[in-house]
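Take a look at the letters that make up each chain.
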Amino acid sequence: MSDFFEDVKQIAREVVAPFKGLGITFGQLGERKTTISFPDYRRVMGVRARWRHVLNRYDNGLEKCIGCSLCAGACPSNAILVVADENTDEARFSPGERYAVRYEINMIRCIYCGFCQEACPTGAVELKDVFEMAESTRHDLIFTKEMLLVPDPNRERVD
Amino acid sequence: MSENDKNTEIHTAQTNTEEQANAPKESTDQQAAQQTIAEAGAMPASATTAQEAEAAGRVADPQPTAPPVSSTQADGGARTVEDTPRSERDRTPAEKADAVKVQSDAEAAKAAGVEMTKVTVDGVEVEVPKGTLVIEACFRAGADVPYFCYHPRLTSIGACRMCLVSVELEMFGARRESIFTCCTVPVAEGMAIKTRTPEVKKAQNGMLEFLLANHPLDCPICDRGGECPLQNMTVAYGPPTSRFIEEKRHFPKAYPISDYVVLDRERCIQCMRCTRFCEEISGDGQLALLNRGSSTEIGTFFGHDFTSNFSGNTIEICPVGALLSRTYRFAARPWEISSSDSICSKCGNGCNVALQTRLGELVRVNGRTNEDVNEEWTCDRGKFGNYYVNDESRLKHPLMRRADGALHPASWDEALAAVAERITRTKAEFGADAIAGIGSTRCTVEDNYLFGKMLRALVGTNNLDHRMLPHGFEPMQTTIAEIEHFKTIVSVGMKLDWDQPIVYLRVFKAYSKKGANWIKADVVDNTVTEALRAGGADAVLLLPHHLPQDQIDRAKKLCASTGAKLNVLLPDCNSWGAARAGILPDRLPGLTAFREGRAHLDSFWKTPLPTASGLDSDGIFDAVSAGRVQMLYIMGSDPATRFHDTEKARRALEAAPFVVVQELFLTETAKRADIVLPAASFAEKDGTFFNIEGREQKIKQAMPVKGDARPDWRIVADLMGRLGTPVPYFSARDIYREYNRSIPKAEAVAAR
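Residues numbered from 1 in each chain as written. Chains lettered and ligands numbered in written order. Predicted model: local features only at pLDDT ≥ 70, side-chain atom pairs only at ≥ 80, totals over all residues. Heavy atoms only, no water.

A. A look at the overall build of chain B. Along its length, chain B carries 26 helices and 28 strands. Within chain B, the fraction of its 752 residues that count as buried is 54%. Of the contacts formed within chain B by residues at least 6 apart in sequence, a portion of 69% connects residues at least 24 apart. In the form shown here, chain B has an accessible surface area of approximately 32,600 Å², with 53% of it arising from carbon and sulfur atoms. (Helix = DSSP H or I, 4+ residues; strand = E, 2+ residues; numbered from the N terminus. Buried < 20%, exposed > 50% of the residue type's maximum accessible area, 1.4 Å probe, protein only. Contact = heavy atoms within 4.5 Å. Areas by Shrake-Rupley, 256 points an atom, 1.4 Å probe, with all protein chains shown as cover.)

Structure representation (structure tokens):
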């Protein structure tokens, strides 16, 4: 006898269960969404987010990078290449004598540890919140100096 | 005093007693010992330590058992440890080996009758020859002393004041201790030298603070950063911060003082290594200290160019980034460089250098130490002249003269097939002697040996030479290092510091430090005769290779009669090696005379060699012009500009029906060739050079080969394969082994 009532209870629970589950589903309809519509909307990163590097400039537009290679020396995955050259008065890129004529970071080698940022004596290289780095070839993921440099604040953007 | 401090003191007392028991002159009386300890204990009572002791006392009062966190305690503790000789178990294998070496050196010196002085360095007893500087005794005992201006090859002047140590010495009836620069003071019997006491530490801190008062902290952009003694010493011995807040001294940055050297006066710490180098080693005295006090700076006389041929060395010995190379400027950081030991290719002296490369380019050439050749110096030609290996105008592909009469790029296969086909055809039509080869004094022994083997064994001709001057081969009678021991040195017809820089340094050393007479003459004339007569057997005559033959003959006769040594100085990095490799019409490898070596080589090369001796380079060019030689194979040589009769060489090159040239650049000779094969430079291949004294030295590949070029030996080996004899050479070493075996045994022993 008791088995009979147990069976009825069980059936009742199973009938109710989907409605319970759906209740949660429909209940969530009113909540704020976790996902975002990515290309149209971008999430604001935390202040300490460590994504892609950028090369900073001073307010007067000169590059902060002096091509000292300390970032390359500190890099544990050997992802950075710096080739330096001498500034002249005609072609001045950074304050002082030295500037980076080539500055390349291999973004697939990089482990985003931020040692380069720590090693940088001028605060030129920083890991910022730029995270969109998908490319179709390995070669495209070697970021050159032109790709890493922030735009010159004193120059009008052409695009 | 807290309990701990007392303990420390007792500990100190024990160790000091032990130390004094070792010292022979000290009384072992406990009373006297304790007196000394009391003095020693009072020693560090400078302002700070006294204050700290007081503070420690205050802290210790309420809690007598608490360990006082003061530097007195730490210093006292450190001191006990440091003053005690470490037990045998604590020593590293390297330290044990050093100790054994020190011991054996001391015994050897004693056996040789050198007067020895016994000193104690940080509790380690060492015996050093009398007159040794304290700093050298410290290094001998394994102690570390920071220094900037001290250099073992220069006079000690104590300019940087960095090598301060505390020295305890019996003087005027009392045992006194004071701090002084140990690079200027010779050792005395019974000295107790301490390199790590708190006072010394404080003095070192202070000196570094002074040195950094005006030194800009632009290490990130300084080429010396990363291998800078000032950086290293500051990390190891310096204070963490400076008390100087004033503006530093300013000069214009990067002031070029010559084509090769750039001077940054802000960075200079006035150690005077460069000025001493210019005065004592290179002898031109072109750098000097200008002005006085804090405005002291290094400069040249009236701002003239720093034209010394040894200016590059000042860059290397500068302990900061004040003197820097213009060719290396910003080219690399020291940790990015890969360095290979090699031999300089610019002259015959055979300086040991380190070729330093980055991203496949030669960025710097530094000297290596070899006491028998270059000590540690290099000349500017070697230091700044080897960049030709980076040149963009280097040949990167084989070139062939096509139907339009111009040289066009070709593949290796095409070029080598054409050469092989032409050799076979010429041999069949005109005989083997219609082919002639010219080897090179700038290629390695391996290249030359294989070249000779190909022409002799495969082609079958003896028309083989490397000489650009019609002179016999005249080996040096002394080594380079021996030159400095002669009392009379006569150099004829050359600007020694430019033509033979390392020989010049030896001659100048003999002249300036050992009181030798140095006579310079333009030709072998009566002055030379008189000087050699007066010098007798203690004289040496240095002749350039390019002197006319009659002058060389005269000098030879003269030296034979007076007993003087004759050194004919060859021009190129492998001048001797080319001859040793058998690139002469009448000599075989190992300079064996043709008649003597033939039998051995017949069986060794498994081919009968041509019987008659061949034509020398003059004869070859004559024969080409006369049409008897139909094909000219030139390896790494440029007779169109370097042959003694360039007109003759050019005429011959134009008249020759077929010319093959292996070269680095499109030289005048290569322009006249029918096939040009690009060769690897000395930095891109392994091999062996013989320098002017016949010293055998290895070169190593330092960088990848430019373009499609190949090492000379590989080109020749490929050609040998195409001519029908596959050759089993995988590396230059294989060829070198074969070269060694190709020399008949007795000759190998007797040679040199």
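B. Fine view of the overall build of chain A. Per the secondary structure count, chain A includes four helices and five strands. N-terminal to C-terminal, the α/β element order of chain A is α-β-α-β-β-α-β-β-α. The globule rule puts the C-alpha radius of gyration for 159 residues at 15 Å, and the 27 Å found for chain A is more than 25% above it. With the principal axes as the frame, chain A shows a C-alpha extent of 100 × 35 × 30 Å. Within chain A, the proportion of its 159 residues that are buried is 30%. Of the contacts formed within chain A by residues at least 6 apart in sequence, a portion of 71% connects residues at least 24 apart. Of the accessible surface of chain A, which amounts to about 11,200 Å², a share of 56% is contributed by carbon and sulfur atoms. Counting 21 positive and 24 negative side-chain charges, chain A places the centres of these two groups 4 Å from one another. (Rg over C-alpha atoms; globule rule 2.2 N^0.38 Å. Lys, Arg positive; Asp, Glu negative; His and termini not counted. Charge placed at Lys NZ, Arg CZ, Asp CG, Glu CD.)

C. Inspection of the interface of chain A and chain B at higher detail. Between chain A and chain B, the contact holds 15 residues from the first and 15 residues from the second. Between chain A and chain B the total buried area reaches about 1,200 Å² when both faces are included, carbon and sulfur atoms providing 57% of it. Across the chain A-chain B interface, the total number found is four salt bridges. Summed over the shared surface of chain A and chain B, the number is five residue pairs in polar contact (both at pLDDT 80 or more). Top contributing element to the side of chain A that touches chain B by residue count: strand β2 (residues 80-86) of chain A, with six residues. (Buried area = accessible area lost by both parts, 1.4 Å probe. Salt bridge = Lys/Arg side-chain N within 4 Å of Asp/Glu carboxyl O. Polar contact = N/O pair within 3.5 Å; in protein donor to acceptor, adjacent residues only side chain to side chain.)

D. Up close: the nonpolar core. All names here are of chain B. Ranked by size, the top nonpolar core spans 148 residues in total, and within it Ile 489 and Leu 542 carry the most contacts. Looking at this core, the element that brings in the most residues is helix α13 (residues 445-459), giving nine residues. Excluding its chain neighbours within four sequence positions, the residues that come into contact with Leu 542 are Ile 483, Ile 489, Val 490, Ser 491, Val 492, Met 494, Leu 496, Val 503, Val 507, Asn 567 and Leu 569. (Core = buried A, V, L, I, M, F, W, Y, C linked by side-chain atoms within 4.5 Å.)

E. Inspection of the packing of aromatic side chains at higher detail. Residue and element names in this part refer to chain B. Under the counting rule described, the total for this entry stands at 24 aromatic pairs over all chains. Centre to centre, the rings of Phe 139 and Tyr 147 are 5.6 Å apart; their planes meet at 55°, and the pair counts as tilted. Taking the relative accessible area as the measure of exposure, Phe 139 reaches 30% and is therefore partly exposed. Looking at Tyr 147, the relative accessible area reads 25%, which means it is partly exposed. Sitting above the plane of the Tyr 255 ring, Arg 265 keeps its charged end 5.0 Å from the centroid. (Phe/Tyr/Trp six-rings, centres within 6.5 Å; stacked < 30°, edge-to-face > 60°. Lys NZ or Arg CZ within 6 Å of the ring centre and 35° of its normal.)

F. Local environment of helix α8 (residues 229-237) of chain B. Residue and element names in this part refer to chain B. Turning to α8, its buried residues number three or more, namely Leu 230, Met 233, Thr 234 and Tyr 237. Buried positions in α8, seen along its axis, are confined to an arc of 105° and lie on one side of it. Residues of α8 that are buried in the fold lie against α7 (198-211). (Arc of directions from axis to C-beta.)

G. Local environment of the sheet that holds strand β17 (residues 464-465) of chain B. Residues and elements named next belong to chain B. In space, the seven strands of this open sheet follow the order β15-β14-β26-β25-β24-β16-β17, with mixed pairing throughout. Two strands bound the open sheet, and with one partner strand each, they are β15 (407-409) and β17. Strand direction decides the pairing type here: strand β25 (residues 658-663) and strand β26 (residues 675-678), joined by four bridges, are parallel. Within β26, the position partnered with Val 660 by the bridge is Ile 675. Its contacts with the sheet put helix α12 (residues 412-430) on β14 (399-401), β16 (435-438), β24 (631-635), β25 and β26, and the angle it makes with β26 is roughly 130°. (Pairing = 2+ DSSP bridges. Axes fitted to C-alpha atoms, helices over the stretch in contact; angles between N-to-C directions.)

H. Structural view of the sheet that holds strand β5 (residues 142-143) of chain A. All names here are of chain A. Sheet architecture is open: three strands sit in the order β2-β3-β5, paired in antiparallel fashion. The two strands at the open ends of the sheet, each matched to only one other strand, are β2 and β5. Sheet topology note: the strand β3 (residues 98-106)/β5 ladder contains two bridges and is antiparallel. Paired with Asn 106 across the strands is Ile 142, a residue of β5.

I. Quick look at the domain arrangement of chain B. Looking at chain B, the domain boundaries give domain 1 (3-60), domain 2 (90-212), domain 3 (331-390), domain 4 (399-471 + 576-751) and domain 5 (481-569). When each unit is reduced to the centre of its C-alpha atoms, the spacing between domain 2 of chain B and domain 5 of chain B is 41 Å. (Domains from an automatic or database assignment.)

J. Structural context of the pattern of salt bridges. Residue and element names in this part refer to chain B. All told, the structure shown has 58 salt bridges over all chains when counted by the stated rule. Taking the shortest distance from any N to any O, the salt bridge between Arg 368 and Asp 341 comes out at 3.7 Å. You can see Arg 368 sitting in the loop between β13 (361-367) and α11 (380-385) and its partner Asp 341 sitting in strand β11 (residues 338-343), a full 27 residues away along the chain. According to the relative accessible area criterion, Asp 341 is partly exposed, its value standing at 33%. For the salt bridge of Glu 375 with Lys 509, the shortest nitrogen-to-oxygen distance reads 2.5 Å.

K. Focus on a positive patch on the surface. Residues and elements named next belong to chain B. On the surface, Lys 606, Lys 698, Arg 733, Arg 737, Arg 741 and Lys 745 cluster together into a positively charged patch. Among the elements that take part in the positive patch, helix α25 (residues 732-742) stands out by supplying three residues, more than any other. Residue position: Arg 733 is located in helix α25. (Patch = residues over 30% accessible without salt bridge, like charges linked within 9 Å, V, L, I, M, F, W, Y side chains within 5 Å.)

L. Spatial organisation of the pairing of strand β1 (residues 116-121) of chain B. All names here are of chain B. The buried fraction of β1 amounts to five of the six residues, a majority that puts the element mostly inside the structure. Looking at chain direction, β1 and strand β2 (residues 124-129) are connected through six bridges and run antiparallel. Along β2, the bridge assignment pairs Lys 118 with Glu 127. For β1 and strand β5 (residues 192-194), the ladder comprises two bridges, and the chain directions are parallel. Looking at the pairing, Thr 120 lines up with Ala 192 of β5.

M. Region of interest: the pairing of β13(B). Residues and elements named next belong to chain B. In terms of burial, β13 is largely enclosed, as six of its seven residues are buried. Taken together, the six bridges between strand β12 (residues 352-358) and β13 define a ladder with antiparallel strand orientation. Bridged to Arg 358 within β13 is Glu 361. Between the end of β12 and the start of β13, which pair antiparallel, lie two residues, with Leu 359 showing a positive phi angle near 50°.

N. The environment of B:Val528, seen in detail. Residues and elements named next belong to chain B. Along the chain, Val 528 falls in helix α16 (residues 526-535). For Val 528 and Val 492, which are 36 residues apart along the polypeptide, the C-alpha to C-alpha distance reads 8.2 Å. With residues up to four places along the chain from it excluded, the contact list for Val 528 reads Val 490, Val 492, Ala 521, Val 523, Leu 541 and Leu 558.

O. Expanded view of unusual backbone geometry. One non-glycine residue, A:Asn78, adopts positive backbone phi at about 55°. Backbone geometry places B:Gln270, a non-glycine residue, at a positive phi of 55°. Inspection of the secondary structure assignment puts B:Gln270 in the loop between β7 (261-263) and α9 (273-281).

P. Structural view of the packing of helix α19 (residues 594-604) of chain B against α25(B). All names here are of chain B. Running from N to C, α19 and α25 cross one another at 135°; their axes reach a closest spacing of 10 Å. Here α25 runs oblique to α19, going by the angle between their axes. Residue-level contacts link His 600, Leu 601 and Phe 604 of α19 to Glu 738, Arg 741 and Ser 742 of α25. Residues belonging to the contact of α19 with α25 are distributed by class as follows: two nonpolar, two polar and two charged. (Parallel < 35°, antiparallel > 145°, perpendicular 65-115°, else oblique. Nonpolar A, V, L, I, M, F, W, Y, C, P; charged D, E, K, R; others polar.)

Q. A look at the side chain of B:Thr426. All names here are of chain B. Mapped onto the elements, Thr 426 comes out in helix α12. By relative accessible area, which is 5% here, Thr 426 ends up buried. Apart from residues lying up to four places away in sequence, Thr 426 is in contact with Gly 431, Ala 434, Ile 435, Gln 630 and Met 631.

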